[in-house]
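Residues per chain are reported as follows:
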Amino acid sequence: MSNKEGRFKFQVVDIADNPTPVFSEVLDYWHQKRGTAFAPAWSDINLLDLPAVLLPNCIVVDFEGATGPIRYRYYGSGITNLHGYDLSNRTIQDMKPPDFRDQVVKQYRLVQEKRTPMFFAAHFPFLIGRREHQYLLRLPLSNDGKTVTNVLSVQDISDDSRILTEYYLKMSGEADETDSGF
């Protein structure tokens, strides 16, 4: 998955190649909560049970059907600070810029279709000489035991979050070009 301008790209990372050790705790928790079902229900999940360091980097979305809107139920403060806006209780249509939003929608729809936890790596080619990747774990949730009704996501926010914040703001047209560090 990549955008036409090459500002960023996403790729699926095999779940066995867990790039972020703390994600193992989240995966273990998810497996414990799901039992024999393909996924736990949202009501089975307590975000406060997750490692405290990850809570600001969590997102929970609700699906309104297979093709309907994707609504943000929870948008962690770390993600809000990183992106420069809060999408809690808003739909993904409010995400900027549209090409970035389209990439995120593809990830959510892939998890909805596959009905399994998935890792994604976001590549930021402008971060030459720095950590160029941001890792995401997306976990399906099912309130009806048949379909994916929600997704719990956890992001491993880069050490260079200030630079990524400037980048996200620039992409959405909200940053002064002279302020960016790239």
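Above this note sits the structure.
Please read these numbers as outputs of a predicted model, since none were measured by experiment.

With respect to the overall build of the chain
Okay, step 1: On a plain count of helices and strands, the chain comes out with four helices and six strands.
Okay, step 2: Along the chain, helices and strands appear, N-terminal first, in the series β-α-β-β-α-α-β-β-β-α.
Okay, step 3: When each of the 182 residues of the chain is scored for burial, the buried share is 52%.
Okay, step 4: In the chain, of all internal contacts separated by at least 6 residues, the share reaching a separation of at least 24 is 56%.
Okay, step 5: For the chain, the computed accessible surface area is about 8600 Å², with 48% contributed by carbon and sulfur atoms.

What to know about the pattern of salt bridges
Okay, step 1: Applying the stated criterion across every chain, the model contains three salt bridges.
Okay, step 2: Taking the shortest distance from any N to any O, the salt bridge between Arg73 and Asp62 comes out at 2.9 Å. Here Asp62 lies in strand S2 (residues 58–63) and Arg73 lies in strand S3 (residues 70–75), a separation of 11 residues in the sequence.
Okay, step 3: Assessed through its relative accessible area of 37%, Arg73 is described here as partly exposed.
Okay, step 4: For Asp62, a relative accessible area of 16% gives the class buried.
Okay, step 5: For Arg101, the salt bridge is made with Asp102, and the minimal N-O distance between the two is 3.6 Å.
Okay, step 6: Residue Asp102 is classed as partly exposed on the basis of its relative accessible area of 38%.

Description of the packing of aromatic side chains
Okay, step 1: Scanning the entire structure with this criterion turns up two aromatic pairs.
Okay, step 2: Consider the rings of Phe23 and Phe119, whose centres lie 5.7 Å apart with planes at 15°: the pair is stacked. Of this pair, Phe23 sits in helix H1 (residues 22–34) while Phe119 sits in strand S4 (residues 118–123), and the two are 96 residues apart along the sequence.
Okay, step 3: Since its relative accessible area comes to 0%, Phe23 is described here as buried.
Okay, step 4: With centroids separated by 5.1 Å and ring planes inclined at 85°, the aromatic side chains of Tyr72 and Tyr75 adopt a geometry described as edge-to-face.
Okay, step 5: For Tyr75, a relative accessible area of 4% corresponds to the buried category.
Okay, step 6: Against the face of Tyr108 rests Arg138, its NZ or CZ located 4.4 Å from the ring centre.

Side note on the nonpolar core
Okay, step 1: Within the largest apolar cluster, 46 residues are counted, with the highest numbers of intra-cluster contacts made by Tyr72, Tyr75, Met95, Tyr108 and Leu152.
Okay, step 2: Where this core is concerned, the elements lending two or more residues are strand S1 (9–13), H1, S2, S3, helix H3 (98–114), S4, strand S5 (133–141) and strand S6 (150–156).
Okay, step 3: Apart from the residues within four sequence positions on either side, Leu152 is in contact with Ile45, Leu47, Leu50, Cys58, Ile59, Val60, Leu137, Arg138, Leu139 and Leu141.

Regarding the side chain of Arg101
Okay, step 1: With respect to the helices and strands, Arg101 occurs in helix H3.
Okay, step 2: Look past the residues within four positions of Arg101 in its chain and what remains in contact with it is Ile92, Gln93 and Met95.

What counts and what doesn't
Residues numbered from 1 in each chain as written. Predicted model: local features only at pLDDT ≥ 70, side-chain atom pairs only at ≥ 80, totals over all residues. Heavy atoms only, no water. Helix = DSSP H or I, 4+ residues; strand = E, 2+ residues; numbered from the N terminus. Buried < 20%, exposed > 50% of the residue type's maximum accessible area, 1.4 Å probe, protein only. Contact = heavy atoms within 4.5 Å. Areas by Shrake-Rupley, 256 points an atom, 1.4 Å probe, with all protein chains shown as cover. Salt bridge = Lys/Arg side-chain N within 4 Å of Asp/Glu carboxyl O. Phe/Tyr/Trp six-rings, centres within 6.5 Å; stacked < 30°, edge-to-face > 60°. Lys NZ or Arg CZ within 6 Å of the ring centre and 35° of its normal. Core = buried A, V, L, I, M, F, W, Y, C linked by side-chain atoms within 4.5 Å.

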